[in-house]
Amino acid sequence: MPSPDATDAATPSPPHRPQPERVLADAARAAFIPWGLRDYGDVLARQHALHARRVADRTPDTWLVGEHPTVVTQGVRGSKADLLTAARYPVFRINRGGQTTIHNPGQLVIYPIVKTQGGLLAQAWLSRLLLAAVSDWIANLTGVATQLEKGKPGLFVDGRKVAAIGIAIHRRVAMHGIAINVCNDLAPWQSIIPCGEPERRPITLSEAAGRPLDPADLVAAIPAWLHSAWGYRRVDTLADAD
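Reading the values: rules and limits
- Residues numbered from 1 in each chain as written.
- Predicted model: local features only at pLDDT ≥ 70, side-chain atom pairs only at ≥ 80, totals over all residues.
- Heavy atoms only, no water.
- 1 Å grid on protein atoms, 1.4 Å probe; cavity = no way out; pocket = protein on both sides within 12 Å on 5 of 7 lines; lining within 4 Å.
- Points joined across faces, edges and corners; volume = space filled by probe spheres on them.
- Helix = DSSP H or I, 4+ residues; strand = E, 2+ residues; numbered from the N terminus.
- Core = buried A, V, L, I, M, F, W, Y, C linked by side-chain atoms within 4.5 Å.
- Buried < 20%, exposed > 50% of the residue type's maximum accessible area, 1.4 Å probe, protein only.
- Contact = heavy atoms within 4.5 Å.

Novice: How should empty space enclosed by the protein be read in this particular structure?
Specialist: The method is simple in principle: a probe with the dimensions of a water molecule rolls over the atoms, and the space it marks as empty is what remains. Applying the stated criterion to the full structure yields two cavities of 30 Å³ or more. Size it by volume and the second largest cavity reaches roughly 40 Å³. Taken together, I33, W35, R38, V43, R46, L64 and D240 make up the lining of the second largest cavity. Broken down by secondary-structure element, the contributors of at least two residues to the lining of the second largest cavity are β1 (30-37) and α2 (40-55).

This is the structure:
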């Protein structure tokens, strides 16, 4: 199983917004795979398989996008103390940065299996670029302005987290990614301490926008976003398959 070259998406932090050409090893082509709603364990296995293929240059950068049935994931800084309601939902301990969060239907998750240029700051650069690109993308699509908070990985609306990030890089290739609350039920968050902040309440884009938003509309805009925000010259949309 890949282990992260760095463990925290918040540190070290680049002093300014990185550009894709300073982060990605190759922007000639990307594959985009929307999976709809699928169990976390299945998608995790898919990530590991694609990671190995990307390390070996047997596949281009691949972006997996979709939703999960309700599941708890814990990064390298997550602990049992974060689980307030034991065994209510499946729990996966994984090698991404960060602590404890929840995925559930209505939340859009983006996993970039991409080759970076490497180096000690690779994880920080990719995390910062992913946050900035998603923030701009959300604003353009929904009109919702999101903010960064120093030392707090993710995107926020009026102090409430709308997107959580946690990635790992091994042998220059990233996996895991960013989870965006679009229209999901936030009640399951009461069963955990999210991201080590028991007092922080999450928010959805639908609540922030004051109108219902559909993850499918964001998914449809991904190929154009990969071109404009990440500089890929070719983006192939592939059908999900085992």
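Novice: Help me understand the nonpolar core in this model?
Specialist: Nonpolar side chains tend toward joint burial in soluble globular proteins. Within the largest apolar cluster, 45 residues are counted, with the highest numbers of intra-cluster contacts made by W63, W137, W225, W230 and Y232. With ten residues, helix α3 (residues 122-142) is the largest single contributor of residues to this core. In contact with Y232, not counting residues within four places along its chain, are L24, D26, A27, R29, A30, D61, W63, V114, L226 and H227. In terms of nonpolar packing, the next biggest core, distinct from the first, is built from 16 residues, W35, L64, I113 and A179 among them.

Novice: Please clarify how unusual backbone geometry should be interpreted in this entry.
Specialist: Most peptide bonds take the trans form, and the phi angle of most residues other than glycine is negative. In this model, D158 sits at a positive phi of 50°, which is unusual for a non-glycine residue. Its location among the elements puts D158 in the loop between β8 (152-157) and β9 (160-170). For H176, which is not glycine, the phi dihedral falls at a positive 65°. Within the fold, H176 resides in strand β10 (residues 173-181). Taking the relative accessible area as the measure of exposure, H176 reaches 2% and is therefore buried.

By themselves these figures say nothing about function.
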